[in-house]
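Chain residues, written in single-letter form:
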Amino acid sequence: DYKVTGWFGFFLPNISGSVVMGKDTEQKSQRFRSKLVVEPSGSAEKTNVIAGADGTTYYVVDETAKTVYADIDPAVVGKNRWGIEFAMVKEFAAADPFAEILKEGEIKIEGTTKVDDMECVNIRLKSANQPEALWTFSVADHLPRQITFAQKNEKGEEATAVMTLHKLVVNPTFAKDPFQLVVPEGYKRTDDFAP
(Lines give C-alpha, C1' and ligand atoms only; values in the text may rest on other atoms or scores of the structure.)
Protein backbone atom coordinates (compact mmCIF):
# COMPACT_ATOMS: atom_id res chain seq x y z
CA ASP A 1 0.00 0.00 0.00
CA TYR A 2 1.23 3.48 -0.91
CA LYS A 3 -0.76 6.27 0.74
CA VAL A 4 -0.22 10.01 0.43
CA THR A 5 -1.38 12.92 2.57
CA GLY A 6 -1.32 16.68 2.27
CA TRP A 7 -0.08 18.43 -0.85
CA PHE A 8 1.57 15.23 -2.17
CA GLY A 9 -1.97 14.31 -3.21
CA PHE A 10 -1.89 16.96 -5.95
CA PHE A 11 0.59 14.88 -7.98
CA LEU A 12 0.94 11.43 -6.36
CA PRO A 13 -1.76 8.73 -6.30
CA ASN A 14 -2.72 6.23 -3.62
CA ILE A 15 -1.76 2.71 -4.72
CA SER A 16 -2.52 -0.81 -3.55
CA GLY A 17 -1.80 -4.19 -5.07
CA SER A 18 0.91 -6.77 -5.57
CA VAL A 19 4.39 -6.49 -7.04
CA VAL A 20 6.95 -9.16 -7.91
CA MET A 21 10.47 -7.80 -8.34
CA GLY A 22 13.62 -9.42 -9.66
CA LYS A 23 17.17 -8.16 -9.65
CA ASP A 24 17.97 -5.54 -12.27
CA THR A 25 19.89 -6.84 -15.28
CA GLU A 26 23.61 -6.06 -15.70
CA GLN A 27 22.50 -3.18 -17.94
CA LYS A 28 20.37 -1.89 -15.00
CA SER A 29 17.07 -2.71 -16.74
CA GLN A 30 14.15 -3.52 -14.47
CA ARG A 31 12.43 -6.87 -14.03
CA PHE A 32 9.02 -6.70 -12.36
CA ARG A 33 5.33 -7.51 -12.65
CA SER A 34 2.68 -5.51 -10.86
CA LYS A 35 -1.07 -5.68 -10.53
CA LEU A 36 -2.21 -2.43 -8.97
CA VAL A 37 -5.19 -0.27 -8.17
CA VAL A 38 -4.21 3.39 -8.69
CA GLU A 39 -6.45 6.05 -7.15
CA PRO A 40 -5.77 9.77 -7.43
CA SER A 41 -5.86 11.36 -3.98
CA GLY A 42 -9.30 12.77 -3.16
CA SER A 43 -10.95 10.91 -6.04
CA ALA A 44 -13.23 7.90 -6.14
CA GLU A 45 -11.90 7.01 -9.62
CA LYS A 46 -9.78 3.85 -9.50
CA THR A 47 -7.73 2.39 -12.34
CA ASN A 48 -6.56 -1.21 -12.53
CA VAL A 49 -3.00 -1.34 -13.84
CA ILE A 50 -1.18 -4.49 -14.91
CA ALA A 51 2.39 -3.70 -15.89
CA GLY A 52 5.82 -5.25 -16.01
CA ALA A 53 9.26 -5.52 -17.53
CA ASP A 54 11.29 -8.59 -18.46
CA GLY A 55 14.70 -6.92 -18.49
CA THR A 56 14.30 -5.77 -22.08
CA THR A 57 10.67 -4.89 -22.76
CA TYR A 58 8.35 -2.75 -20.61
CA TYR A 59 4.62 -3.33 -20.95
CA VAL A 60 1.22 -2.36 -19.63
CA VAL A 61 -2.03 -4.26 -20.17
CA ASP A 62 -5.10 -2.11 -20.88
CA GLU A 63 -8.10 -4.26 -19.97
CA THR A 64 -10.60 -1.70 -21.29
CA ALA A 65 -9.03 -1.36 -24.75
CA LYS A 66 -7.91 -5.04 -24.78
CA THR A 67 -4.46 -3.83 -25.78
CA VAL A 68 -0.94 -4.55 -24.55
CA TYR A 69 1.44 -1.62 -25.00
CA ALA A 70 5.04 -2.91 -25.11
CA ASP A 71 8.36 -1.30 -25.95
CA ILE A 72 11.98 -1.02 -24.74
CA ASP A 73 11.21 2.53 -23.53
CA PRO A 74 9.72 2.55 -19.99
CA ALA A 75 7.53 5.51 -21.01
CA VAL A 76 5.40 3.03 -22.98
CA VAL A 77 3.29 2.50 -19.83
CA GLY A 78 1.82 6.00 -20.20
CA LYS A 79 0.14 8.09 -17.51
CA ASN A 80 0.37 5.35 -14.87
CA ARG A 81 4.17 5.38 -14.84
CA TRP A 82 4.32 7.28 -11.53
CA GLY A 83 2.02 4.78 -9.85
CA ILE A 84 4.00 1.83 -11.16
CA GLU A 85 7.34 3.33 -10.07
CA PHE A 86 6.14 4.28 -6.58
CA ALA A 87 4.73 0.78 -5.95
CA MET A 88 8.25 -0.70 -6.00
CA VAL A 89 11.06 -0.72 -3.47
CA LYS A 90 13.98 -0.24 -5.86
CA GLU A 91 16.49 -1.27 -3.19
CA PHE A 92 15.24 -4.86 -3.55
CA ALA A 93 16.51 -4.95 -7.14
CA ALA A 94 19.74 -3.00 -6.66
CA ALA A 95 23.08 -4.79 -6.63
CA ASP A 96 24.31 -2.70 -3.68
CA PRO A 97 21.35 -1.06 -1.88
CA PHE A 98 22.07 1.81 0.51
CA ALA A 99 25.73 1.95 -0.65
CA GLU A 100 25.74 5.74 -0.88
CA ILE A 101 24.08 6.20 2.51
CA LEU A 102 26.40 3.71 4.19
CA LYS A 103 29.43 5.45 2.68
CA GLU A 104 28.64 9.12 3.27
CA GLY A 105 25.05 9.53 4.43
CA GLU A 106 23.37 9.86 7.80
CA ILE A 107 21.77 6.96 9.68
CA LYS A 108 19.80 7.45 12.89
CA ILE A 109 17.71 4.97 14.92
CA GLU A 110 14.39 6.48 15.96
CA GLY A 111 12.65 4.00 18.25
CA THR A 112 10.42 1.04 17.57
CA THR A 113 6.93 0.47 16.23
CA LYS A 114 4.65 -2.32 15.01
CA VAL A 115 3.66 -2.96 11.41
CA ASP A 116 1.11 -5.74 10.86
CA ASP A 117 1.79 -6.97 14.43
CA MET A 118 5.53 -7.25 13.72
CA GLU A 119 8.03 -5.59 16.02
CA CYS A 120 10.04 -3.13 13.96
CA VAL A 121 12.79 -0.56 14.41
CA ASN A 122 12.65 2.87 12.72
CA ILE A 123 15.82 4.07 11.00
CA ARG A 124 16.11 7.51 9.39
CA LEU A 125 18.27 7.47 6.26
CA LYS A 126 19.59 10.60 4.60
CA SER A 127 22.03 11.21 1.76
CA ALA A 128 22.97 14.01 -0.62
CA ASN A 129 21.27 12.42 -3.65
CA GLN A 130 18.19 10.75 -2.16
CA PRO A 131 15.26 12.18 -0.23
CA GLU A 132 15.33 11.68 3.52
CA ALA A 133 13.16 8.74 4.57
CA LEU A 134 12.18 6.81 7.67
CA TRP A 135 12.62 3.10 7.00
CA THR A 136 10.90 0.64 9.33
CA PHE A 137 12.64 -2.76 9.48
CA SER A 138 11.28 -5.95 11.02
CA VAL A 139 13.27 -7.06 14.06
CA ALA A 140 12.66 -10.72 13.09
CA ASP A 141 14.13 -10.74 9.54
CA HIS A 142 15.67 -7.23 9.17
CA LEU A 143 13.63 -6.54 6.02
CA PRO A 144 11.68 -3.32 5.46
CA ARG A 145 7.98 -3.24 6.25
CA GLN A 146 7.32 0.49 5.88
CA ILE A 147 8.98 3.49 4.24
CA THR A 148 7.85 7.02 5.09
CA PHE A 149 8.73 10.18 3.19
CA ALA A 150 7.73 13.53 4.71
CA GLN A 151 8.35 16.97 3.28
CA LYS A 152 7.28 20.54 4.03
CA ASN A 153 6.47 23.05 1.30
CA GLU A 154 7.33 26.75 1.30
CA LYS A 155 4.24 27.44 3.46
CA GLY A 156 5.41 24.97 6.11
CA GLU A 157 2.65 22.46 5.27
CA GLU A 158 3.75 18.84 5.63
CA ALA A 159 2.91 16.07 3.19
CA THR A 160 3.66 12.38 3.59
CA ALA A 161 3.94 9.27 1.43
CA VAL A 162 3.88 5.97 3.31
CA MET A 163 4.58 2.62 1.66
CA THR A 164 3.59 -0.42 3.75
CA LEU A 165 4.74 -3.87 2.66
CA HIS A 166 2.28 -6.60 3.61
CA LYS A 167 2.96 -10.32 3.07
CA LEU A 168 6.58 -9.82 1.99
CA VAL A 169 8.05 -13.02 0.51
CA VAL A 170 11.76 -13.33 -0.24
CA ASN A 171 12.95 -15.50 -3.16
CA PRO A 172 9.56 -17.04 -4.00
CA THR A 173 9.37 -20.00 -6.36
CA PHE A 174 7.35 -19.66 -9.56
CA ALA A 175 6.20 -22.36 -12.00
CA LYS A 176 6.90 -19.96 -14.89
CA ASP A 177 8.77 -16.69 -15.40
CA PRO A 178 6.65 -14.03 -13.64
CA PHE A 179 8.18 -11.18 -15.69
CA GLN A 180 7.53 -12.56 -19.17
CA LEU A 181 5.07 -10.63 -21.29
CA VAL A 182 2.05 -12.76 -22.14
CA VAL A 183 -0.54 -11.16 -24.41
CA PRO A 184 -3.95 -12.38 -23.22
CA GLU A 185 -6.17 -14.10 -25.77
CA GLY A 186 -8.27 -11.58 -27.67
CA TYR A 187 -5.86 -8.69 -26.98
CA LYS A 188 -3.70 -6.89 -29.50
CA ARG A 189 -0.07 -5.88 -28.95
CA THR A 190 1.35 -2.55 -30.08
CA ASP A 191 4.56 -0.58 -29.60
CA ASP A 192 2.56 2.65 -29.40
CA PHE A 193 2.78 4.33 -25.99
CA ALA A 194 -0.19 3.88 -23.67
CA PRO A 195 -2.30 6.99 -23.09
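Nothing here was measured: the structure is a model prediction, and the numbers come from that model.

Undergrad: Help me understand the pairing of strand E10 (residues 144–152), please; the structure alone is not making it clear to me.
TA: Looking at chain direction, strand E9 (residues 133–138) and E10 are connected through four bridges and run antiparallel. Paired with Trp135 across the strands is Ile147, a residue of E10. Counting the residues in the hairpin turn of E9 and E10 gives five residues, including His142, whose phi is positive at 65°. The sheet contact formed by E10 and strand E11 (residues 158–164) spans seven bridges and is antiparallel. Across the sheet, the residue bridging to Lys152 is Glu158, located in E11. In this antiparallel pair of consecutive strands, E10 and E11, the connection spans five residues, and Gly156 shows a positive phi of 85°.

Undergrad: I tried to follow the pattern of salt bridges on my own but got confused; where do I start?
TA: Oppositely charged side chains can form a pair if their charged atoms are brought close together. Applying the stated criterion to the full structure yields six salt bridges. Two residues, Arg124 and Glu110, come together in a salt bridge whose shortest N-O distance is 2.8 Å. Separated by 14 residues along the polypeptide, Arg124 in strand E8 (residues 118–126) and Glu110 in strand E7 (residues 106–115) bring together distant segments of the chain. Each of the salt bridges in this network shares a partner with another, and the network as a whole consists of Glu110, Arg124, Lys126 and Glu132.

Undergrad: Teacher, can you tell me more about the environment of Lys35 here?
TA: Its place among the elements puts Lys35 in strand E3 (residues 31–40). Beyond its immediate chain neighbours, meaning those up to four positions away, Lys35 contacts Ser16, Gly17, Ser18, Val49 and Ile50.

Undergrad: Can you walk me through the packing of aromatic side chains in this structure?
TA: One pair of aromatic rings is described through two measures. These are the centre distance and the angle between the planes. Here the structure, examined in full by the defined rule, presents seven aromatic pairs. On the numbers, 4.9 Å between centres and 80° between planes, the contact of Phe98 with Trp135 is edge-to-face. Of this pair, Phe98 sits in the loop between helix H1 (81–86) and helix H2 (99–104) while Trp135 sits in strand E9; the two residues are 37 residues apart in sequence, bridging distant segments of the chain. On the accessibility criterion, Phe98 (22% relative accessible area) is partly exposed. The exposure class of Trp135 is buried, given its relative accessible area of 6%. Ring geometry for Trp135 versus Phe137: centroids 5.9 Å apart, planes at 15°, classification stacked. Across the pair, exposure class does not vary: Trp135 and Phe137 are buried alike. Members of the aromatic cluster, connected to one another through ring pairs, are Trp7, Phe8 and Phe11.

Undergrad: Whenever I open this one, the pairing of E3 confuses me. Can you help?
TA: The two faces of a sheet get side chains in turn, since along a regular strand they alternate between them. Strand direction decides the pairing type here: strand E2 (residues 13–21) and E3, joined by nine bridges, are antiparallel. Paired with Val20 across the strands is Arg33, a residue of E3. Strand direction decides the pairing type here: E3 and strand E4 (residues 47–54), joined by eight bridges, are antiparallel. Bridging across to E4, Val38 finds its partner in Thr47. Following E3, the chain reverses through six residues before pairing antiparallel with E4; Gly42 in that reversal takes a positive phi of roughly 80°.

Definitions and limits used
- Residues numbered from 1 in each chain as written.
- Predicted model: local features only at pLDDT ≥ 70, side-chain atom pairs only at ≥ 80, totals over all residues.
- Heavy atoms only, no water.
- Pairing = 2+ DSSP bridges.
- Helix = DSSP H or I, 4+ residues; strand = E, 2+ residues; numbered from the N terminus.
- Salt bridge = Lys/Arg side-chain N within 4 Å of Asp/Glu carboxyl O.
- Contact = heavy atoms within 4.5 Å.
- Phe/Tyr/Trp six-rings, centres within 6.5 Å; stacked < 30°, edge-to-face > 60°.
- Buried < 20%, exposed > 50% of the residue type's maximum accessible area, 1.4 Å probe, protein only.

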